[in-house]
Amino acid sequence: MQERANPAFYALLVALIFMAVGPIFLMFINSFKLDVDIIGGTTGLIFLPTIQNYETALCDLLWYEPDHLDFCSLKFGGAFINSLIIALISTALTLVIGCMAAYALVRFNFMGRDTVSFTTLMVRMVPPAVLLVPVFGLWNNNFCIREDGFAGMFLPESFFGRGGESCLAGTHGGIILIYVAMNLPFVIWILQSFIVQVPRSLEEAARVDGAGPFQVFFLVVLPLIKPGLAAAAIFTFRIAWNEYLLASALSDRDTRTVPILIVNNMSEFNVEWGVIMATGMLLAIPPIIFTLFASRQIITGMTAGAVKG
Amino acid sequence: MSTARANRITPYLFMAPAAVIMAIALLYPLGFMVYGSFRDWDPSQSIGETEFVGFKNYVTLWFDPAFRESLSVTLIFAFSVVTAEMILGVGLALLLDRNIRGMSLLRTLFILPMMIAPVVVGLMWRYMYHPTVGTFNRTLKSMGLEGVDWLGQHALLSVIIADIWQWTPFIFILALAALQSLPRSALEAARIDGATAWQQIIHIKLPLMMPVLVVTALLRLIDAFKVLEVILVMTEGGPGLSTEIVALRISRTATEFRELGTAAAMSNYLLILLLLFTIGMFTLTRLQEARAKRLARQIQEDE
């Protein structure tokens, strides 16, 4: 059912695609250029591509020593692994916890249901910047296990650092906790609209056959809402992977994520454009892959999340 | 009997993990922030050691010209990006609402800008805006024109342009989805009655899309207050205070000036502002639902 359209529309389409992808393509090209080429002004595509920038960025992961580096100062590889751990674990947790909650909200009538559903909606609008101060304070001072406290008795001494206490700040767990909490409202909201569409008769049939509520949920409902789960997973991963502000407040030298490293490098006096572009490209690759392979799910999720909003 | 009891606990079992996590990591911190905003609080102190100062933080902020400046920058930023994005996004959707080849490719590539990290968006645009090596000034100079001081004199405008690039696709895709779910019969009837393309848009398409568009605009507005990383990477709030949005000021007050109490009060101001917008959004959707119901009833009665 293709209509024959005016060539002007195709021109417009091409222009729009160029505008949307142009900056990303520019970053991609520049990440393969030496700084001399970027600054020297040989615009266009005629240059000698090099992977030197990527070698500099990933020097702590390489099994060989690149010739152009005397010292590996950018610990990008470690940050990349931190980002992966944090994003994957928080996505998995958010999904499991979120779809259970969404199921309860859609299918059961229980006391406090309206309160929960209203609270979930309201906290969706809280910006990360608002959480910065309290989360920084709590994670550093209140959410701690003291060695002389109750829980401390069950843990080995090596678990505690200086001062006889171990806090949530500076651990992967601390960052994961806040990401899960931040993403839950959105995931619950999106999944509700998918769970509503699951026919009740299917669940009842399973119940008649003797399945308990958890079996019904995991074996009947979950497989049916796979597209919704995919959309929710992509959105959660995107936030956890891209977030900067809270991670920068909560991480220490060993738990730094990629966005923090990029911002730190940006604010230095002498910007090495090539390396910066390479790190940016590495950070952008996972979301780009998701988009190219699952754009349909992303668009469905976006419409489901907004139309009901 | 025991199955009845089991059935009664089931929803709570399903709900419990989410409720616990949101209580510990969202609601408790929010309460903690309100509590801390009434205190004189230094990052090295734990909250127990701080001094209660009443509304001092709020009053100081209210009369603080720098805070007012950043509040107005935030409002200008948020409203101008939403206005521009709505016009562009809806306009493009109306223009491109037809079955032509390449639409699905456009949609796929169009969501790329919102999927990649704000930090990366910031660095791409900072490069393109760069006074000497940047793409824009280089293009201008190769055409024999003067370069523009993008991130200096026109910093706020440049930041707004970057946000428009990133988020217009969001509006475009939602508007397109709304357009394609319009009742075909109404459009068909208008076409038979000889309505021109313009008349169709103004009298039929836009009014029918309105509910979705209002919600989309408000969602985008609330999100526009969350923008931080793009601006941080591009300008760090500068030059001067010209692009320092409230979120950025909160983070600077907390980390650079080390005044957690003031930063908490500032967060609370931002939260109250957003609360007002959210309540506005709720009332609007409720009103629309009520109107739709009334209309449906009327139609039924007419039959």
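Details of the structure are given in the entry above.
Conventions adopted
Sequence positions are assigned chain by chain, starting from 1 and proceeding in written order. Lettering of chains starts at A and numbering of ligands starts at 1, both following the order in which they are written. In view of the model being predicted, local features appear only for residues whose pLDDT reaches at least 70, and side-chain atom pairs are presented and counted only at 80 or more, with totals across whole chains, interfaces and linings using the full set of residues. Excluded from the side-chain calculation are hydrogens and water; included are all heavy atoms of the structure. By the criteria applied, helices consist of DSSP H or I runs no shorter than four residues and strands consist of E runs no shorter than two, each listed in order from the N terminus. Any residue under 20% of the maximum accessible area for its type is buried, any over 50% is exposed, and the rest in between are partly exposed; the area is computed with a 1.4 Å probe on protein chains only. Every residue pair with non-hydrogen atoms within 4.5 Å of one another is taken to be in contact. Shrake-Rupley sampling with a 1.4 Å probe provides the accessible areas, and residues are treated as covered by the protein chains on show and by no other component. We count a salt bridge whenever a side-chain nitrogen from Lys or Arg sits within 4 Å of a carboxyl oxygen from Asp or Glu. Defined here as a combined quantity, buried area equals the accessible surface (1.4 Å probe) lost by two parts on assembly, summed across both. The term polar contact refers here to a pair of N or O atoms within 3.5 Å; inside protein, the definition further demands a hydrogen-donor-capable atom paired with an acceptor-capable atom, and it admits residues adjacent in sequence only when both atoms are side-chain atoms. Basically, the charged four are Asp, Glu, Lys and Arg, the nonpolar ten are Ala, Val, Leu, Ile, Met, Phe, Trp, Tyr, Cys and Pro, and anything else, Gly included, counts as polar.

A. View of the overall build of chain A. The secondary structure content of chain A amounts to 13 helices and 2 strands. Evaluated residue by residue, chain A yields a buried proportion of 53% over its 309 residues. A separation threshold of at least 6 residues defines the contact pool for chain A, and within that pool the share at least 24 residues apart is 66%. Accessible area for chain A stands at about 14,800 Å²; split by element, carbon and sulfur atoms hold 64% of it.

B. Region of interest: the pattern of salt bridges. Residues and elements named next belong to chain B. Overall, the coordinates contain 8 salt bridges over all chains when judged by the stated rule. Residue Glu244 pairs with Arg249 through a salt bridge whose shortest N-O separation is 2.7 Å. Comparing Glu244 with Arg249, the two get one shared label, buried. Under the relative-accessibility criterion, Glu244 is labelled buried at 1%.

C. Highlighting unusual backbone geometry. Residue and element names in this part refer to chain B. For Arg258, which is not glycine, the phi torsion reads 55° and is therefore positive. Following the sequence through the fold, Arg258 ends up in the loop between helix H12 (246-255) and helix H13 (260-302). Overall, Arg258 belongs to the partly exposed group, its relative accessible area being 41%.

D. Highlighting the environment of A:Leu222. Residues and elements named next belong to chain A. As for its placement among the helices and strands, Leu222 is situated in helix H9 (residues 213-224). Leu222 sits in the buried class, given a relative accessible area of 16%. Separated by 122 residues in the primary sequence, Leu222 and Met100 place their C-alpha atoms 9.6 Å from one another. Every residue in contact with Leu222, bar those within four places of it in the chain, is listed here: Cys99, Phe217 and Leu229.

E. Up close: the interface of chain B and chain A. Residue-level contacts link 88 residues of chain B with 97 residues of chain A. For the pair chain B and chain A, the summed buried surface comes to about 8,400 Å²; carbon and sulfur atoms form 83% of the total. The largest share of the area that chain B buries against chain A comes from B:Phe14, B:Met115 and B:Tyr127, three residues that together contribute 10% of it. Our enumeration of links across chain B and chain A arrives at 0 salt bridges. Applying the counting criterion to the chain B and chain A interface returns 8 residue pairs in polar contact (both at pLDDT 80 or more). When residues of the side of chain B that touches chain A are assigned to their parent elements, the largest contribution, 19 residues, is made by helix H1 (residues 2-36) of chain B. Here the residues of the side of chain B that touches chain A sort into 69 nonpolar, 11 polar and 8 charged.

F. The arrangement of the environment of A:Val116 in detail. Its location among the elements puts A:Val116 in helix H5 (residues 113-123). Between the alpha carbons of A:Val116 and A:Leu105 there is a distance of 8.3 Å; along the sequence they are 11 residues apart. Residues contacting A:Val116, with those up to four places away along its chain left out, are A:Leu105 and B:Met15.

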